[in-house]
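Descriptive structure summary
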Amino acid sequence: SAVISQKPSRDICQRGTSLTIQCQVDSQVTMMFWYRQQPGQSLTLIATANQGSEATYESGFVIDKFPISRPNLTFSTLTVSNMSPEDSSIYLCSATNPGQGGYTFGSGTRLTVV
Amino acid sequence: DQQVKQNSPSLSVQEGRISILNCDYTNSMFDYFLWYKKYPAEGPTFLISISSIKDKNEDGRFTVFLNKSAKHLSLHIVPSQPGDSAVYFCAAGSAGSARQLTFGSGTQLTVLP
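Presented here is a report on the structure given in the accompanying data block. These figures come from a predicted structure and were not determined experimentally. (Residues numbered from 1 in each chain as written. Chains lettered and ligands numbered in written order. Predicted model: local features only at pLDDT ≥ 70, side-chain atom pairs only at ≥ 80, totals over all residues. Heavy atoms only, no water.)

Now for the overall build of chain A. In terms of regular secondary structure, chain A is built from 0 helices and 11 strands. For chain A, the sequential pattern of α-helices and β-strands runs β-β-β-β-β-β-β-β-β-β-β. When the 114 residues of chain A are sorted by exposure, 52% land in the buried category. Long-range pairs, those at least 24 residues apart, make up 53% of the contacts in chain A with a sequence separation of at least 6. Taken as two groups, the 7 positive and 7 negative side-chain charges of chain A have centres that lie 7 Å from each other. (Helix = DSSP H or I, 4+ residues; strand = E, 2+ residues; numbered from the N terminus. Buried < 20%, exposed > 50% of the residue type's maximum accessible area, 1.4 Å probe, protein only. Contact = heavy atoms within 4.5 Å. Lys, Arg positive; Asp, Glu negative; His and termini not counted. Charge placed at Lys NZ, Arg CZ, Asp CG, Glu CD.)

Every contact between the two is made by 20 residues of chain A and, on the other side, 17 residues of chain B. Across the chain A-chain B interface, the total number found is 0 salt bridges. Scanning the region where chain A abuts chain B turns up 3 residue pairs in polar contact (both at pLDDT 80 or more). Every element with two or more residues in the side of chain A that touches chain B is listed here: strand S4 (31–37), strand S5 (43–49) and strand S9 (89–96) of chain A. (Salt bridge = Lys/Arg side-chain N within 4 Å of Asp/Glu carboxyl O. Polar contact = N/O pair within 3.5 Å; in protein donor to acceptor, adjacent residues only side chain to side chain.)

The biggest cluster of nonpolar side chains holds 26 residues, and the ones touching the most others in it are Trp34, Ile46, Phe66, Ile68, Leu78, Tyr91 and Leu111 of chain A. Counting only elements with at least two residues in this core, the list comes to strand S3 (19–25), S4, S5, strand S8 (75–80), S9 and strand S11 (109–113) of chain A. Tallying contributions element by element places S3 of chain A first for this core, with 4 residues. With residues near it in sequence (within four places) discarded, leucine 111 of chain A still touches Asp11, Cys13, Leu19, Val80, Met83, Asp87, Ser88, Ser89 and Tyr91 of chain A. Membership of the second largest hydrophobic core comes to 23 residues, among which are Phe30, Ile48, Ile77 and Cys90 of chain B. (Core = buried A, V, L, I, M, F, W, Y, C linked by side-chain atoms within 4.5 Å.)

This part is about the pattern of salt bridges. Residue and element names in this part refer to chain B. Counted according to the given criterion, the structure contains 2 salt bridges over all chains. Residue arginine 61 pairs with aspartate 84 through a salt bridge whose shortest N-O separation is 2.8 Å. Taken together, the residues span a long stretch of sequence, with arginine 61 in the loop between strand S6 (56–59) and strand S7 (62–67) and aspartate 84 in the loop between strand S8 (72–77) and strand S9 (86–93) at a distance of 23 residues.

Our focus in this paragraph is the layout of surface pockets. Of the volumes computed, that of the second largest pocket is approximately 370 Å³. Elements supplying a minimum of two residues to the lining of the second largest pocket: S9 and S11 of chain A together with S9 and strand S11 (107–112) of chain B. Of the residues forming the lining of the second largest pocket, the biggest block, 3 residues, is contributed by S11 of chain A. Of the residues contributing to the lining of the second largest pocket, the split by class is 9 nonpolar, 12 polar and 2 charged. (1 Å grid on protein atoms, 1.4 Å probe; cavity = no way out; pocket = protein on both sides within 12 Å on 5 of 7 lines; lining within 4 Å. Points joined across faces, edges and corners; volume = space filled by probe spheres on them. Nonpolar A, V, L, I, M, F, W, Y, C, P; charged D, E, K, R; others polar.)

This brings us to the environment of phenylalanine 33 of chain B. All names here are of chain B. Relative to the helices and strands, phenylalanine 33 resides in strand S4 (residues 32–38). Looking at phenylalanine 33, the relative accessible area reads 1%, which means it is buried. With 69 residues separating them along the chain, phenylalanine 33 and threonine 102 place their C-alpha atoms 9.5 Å apart. Residues within four places of phenylalanine 33 in sequence aside, it is in contact with Tyr25, Ile48, Ser49, Ile50, Leu66, Leu73, Ala91 and Ala92.

Before going further, it helps to examine the sheet that holds strand S1 (residues 4–5) of chain B. Residues and elements named next belong to chain B. The strand order S1-S3-S8-S7-S6 describes an open sheet built from 5 strands, whose pairing is antiparallel. Every other strand in the sheet has two partners, leaving S1 and S6 as the edge strands with one partner each. Bridge count for S1 against strand S3 (residues 19–25) is 2 bridges, and the pairing is antiparallel. Paired with valine 4 across the bridge in S3 is tyrosine 25. (Pairing = 2+ DSSP bridges.)

Before going further, it helps to spend a moment on unusual backbone geometry. Along the chain, lysine 7 of chain A connects to proline 8 of chain A via a cis peptide bond; the corresponding omega equals 0°. With respect to the helices and strands, proline 8 of chain A occurs in the loop between strand S1 (4–7) and strand S2 (10–13). With omega at -15°, the peptide bond leading from valine 78 of chain B into proline 79 of chain B counts as cis. One non-glycine residue, lysine 71 of chain B, adopts positive backbone phi at about 50°. Note on placement: lysine 71 of chain B falls in the loop between S7 and S8. Accessibility expressed as a relative area gives 26% for lysine 71 of chain B, which makes it partly exposed.

Written out as structure tokens, the structure reads:
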């Protein structure tokens, strides 16, 4: 299965700033997703990153707050914009190829907003 | 509305015994299910999956059982080892939802030596 390199692994950011998280996959993958895991909670899907077009966002998440890029089949970024302490969370990317079994996850980015 | 529920936030088991982790779902459109293991400071690691056309899938020490009528699945780990101590998430998806996954809230498994 694919291997995903996600960075940064952690960051502490000031309120009002933005952070871009990158995920690099070692092979081409059809689908990539971005998740958030808030403290003590499960993983929540933010959006599906679509190659060459705008991401598809889940209810409660908007492009202005979480712009996503996917310029090719091996790379995607998620930006957390105009951060507030409520954005403190772990952010994970995931990738899969339909018909090839399970999903692979990046190691996560632990974001703390102060 | 939690479509995937793991009602036990934690479970402790003695080494060598069986660990049984449970998961319930409400969406009848789900047609495949996965279990993930997550260590602190790491991303989830895929363990085992099952499609809705099966009721059991086995991989080494890990077996997943699916009861579609009860909308229930369980993960059995036999024998349990201290290295199995982690948070276990069940996840569900459907072919009609662009392969997005819905996750349960996780169960912290502690295997005692």
